[in-house]
Amino acid sequence: MLKRILLLIAVCLLIFSPVVILAEGNDDVTTQIEEEKTPEAARKKDYTLYYAGAGILFAVAAAALVTRKKHDSFRLILDNVEDNEDGSYTVYLGYDNPTNEVIRFNEGEAGLRVLKGNAILLKKDNLNEFNKGNQKDVVVAVINKDSELEYYAGEEHIVIKGSELIRKEGEK
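Described below are features of the structure shown in this document. (Residues numbered from 1 in each chain as written. Predicted model: local features only at pLDDT ≥ 70, side-chain atom pairs only at ≥ 80, totals over all residues. Heavy atoms only, no water.)

1. Some thoughts on the overall build of the protein chain
Filter applied, for reference: A helix here means a DSSP run of H or I that spans at least four residues, while a strand means a run of E at least two residues long, and both kinds are numbered starting from the N terminus. Exposure is judged per residue with a 1.4 Å probe applied to protein chains only, and the accessible area is read against the type maximum: over 50% gives exposed, under 20% gives buried, and values in between give partly exposed. In this analysis, two residues are considered to be in contact whenever any of their non-hydrogen atoms come within 4.5 Å of each other. Using a 1.4 Å probe, the Shrake-Rupley method yields the accessible areas, and only the shown protein chains count as cover for residues.
In terms of regular secondary structure, the protein chain is built from three helices and nine strands. Put simply, the protein chain runs from its N terminus to its C terminus through helices and strands in the order α-α-β-β-β-β-β-β-β-β-β-α. A buried classification covers 23% of the 172 residues belonging to the protein chain. Within the protein chain, counting contacts between residues at least 6 apart in sequence, those at least 24 apart form 60% of the total. Only carbon and sulfur atoms are counted for the fraction: they give 55% of the accessible area of the protein chain, which is about 14,100 Å².

2. As for the nonpolar core
Filter applied, for reference: Definition used in this section: a nonpolar core is a set of buried Ala, Val, Leu, Ile, Met, Phe, Trp, Tyr and Cys residues joined via side-chain atoms within 4.5 Å.
Residues Phe74, Leu76, Phe130 and Tyr151 are the most contacted members of the largest nonpolar core, which totals 22 residues. Residues within four places of leucine 76 in sequence aside, it is in contact with Gly94, Tyr95, Phe130, Tyr151, Tyr152, Ala153, Glu156, His157 and Ile158.

3. Comments concerning the pattern of salt bridges
Two side chains carrying opposite charge are able to pair once their charged atoms lie near each other. Quick reminder of the rule: In what follows, salt bridge is the name for a side-chain nitrogen of Lys or Arg lying within 4 Å of a carboxyl oxygen of Asp or Glu.
On inspection of all chains with the given rule, the structure shows four salt bridges. Its salt-bridge partner being glutamate 129, residue arginine 104 comes within 3.4 Å of it at the nearest N-O pair. Placement of arginine 104 in strand S3 (residues 103-104) and of glutamate 129 in strand S6 (residues 129-130) is noted, with a sequence separation of 25 residues between them. According to the relative accessible area criterion, arginine 104 is exposed, its value standing at 57%. Using a relative accessible area of 33% as the deciding quantity, one classes glutamate 129 as partly exposed.

4. Considering the side chain of asparagine 97
Selection rule: Under this definition, polar contacts are N or O atom pairs within 3.5 Å; protein pairs additionally need one hydrogen-donor-capable and one acceptor-capable atom, and for neighbouring residues in sequence, both atoms have to be side-chain atoms.
Here asparagine 97 lies in strand S2 (residues 88-97). Overall, asparagine 97 belongs to the buried group, its relative accessible area being 0%. At 2.5 Å, the side chain of asparagine 97 and the side chain of threonine 99 are in polar contact. Once residues within four sequence positions are removed from consideration, asparagine 97 is found in contact with Phe74, Val102, Ile103, Phe130, Asn131, Lys132 and Gly133.

5. Re the sheet that holds S2
For clarity, the cut-off: Here, strands pair whenever DSSP counts at least two bridges between them. For helices, the fitted line uses only the C-alpha atoms of the stretch in contact; every axis is such a line through C-alpha atoms, and the angle between N-to-C directions lies from 0 to 180 degrees.
Within the open sheet, the four strands sit side by side as S1-S2-S7-S5. Their pairing is antiparallel. The two strands at the open ends of the sheet, each matched to only one other strand, are strand S1 (75-83) and strand S5 (119-124). For this sheet the average axis-to-axis angle between neighbouring strands, irrespective of direction, equals 25°.

6. Remarks on the pairing of S2
Regular strands have side chains that alternate between both faces of the sheet. Of all the ten residues making up S2, ten are buried; the element is thus mostly covered by neighbouring parts of the structure. Examined bridge by bridge, S1 and S2 share eight bridges and lie antiparallel to one another. Note that in S2 the partner of isoleucine 77 across the bridge is glycine 94. In this antiparallel pair of consecutive strands, S1 and S2, the connection spans four residues, and glutamate 85 shows a positive phi of 70°. Pairing of S2 with strand S7 (residues 133-144), which is carried by nine bridges, proceeds in the antiparallel orientation. The residue bridging tyrosine 92 from the neighbouring strand is valine 140, located in S7.

Right, dumping it as structure tokens:
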């Protein structure tokens with residue numbers, strides 16, 4: 001261990017000794033360095049970084065618009081509610097897909113759930129594929145005042161509460 005320390009000290013002395021000698025040798029001669037301008041090379045401006053930045057910004061904006069249009073334009077619709085005069089209601093559900101393509105959802109991402117009470121399904125089309133255009137009567141169900149029905153597809157959903165469908169006497 002002692003040998004290594006001595007060797008390290010010897011190496012440090014050898015490295016720093018020329019620096020001390022050179023620094024001591026120029027005491028009597030002082031040179032004034034004048035400030036000069038550094039010449040600039042004539043070069044063409046490079047706009048590659050600007051073009052790349054503009055391209056990335058355009059791509060992000062286009063992706064945001066396409067994503068927003070696809071998700072914001074599709075919506076589920078409560079078409080109609082009919083009072084059956086026996087305390088139950090017939091509910092007609094549809095959707096509006098103004099895009100020019102069929103929107104598909106994976107199993108479990110779109111459908112119909114009875115949250116509370118009972119419901120009788122009179123009609124239920126395929127709820128994983130939503131064709132273009134305004135589609136009415138995709139789901140027709142009968143519910144009562146104690147029922148809650150959820151119609152969902154992706155981020156969109158409608159909850160129909162039977163208790164909110166009850167009309168006060170005299171209302172049409």
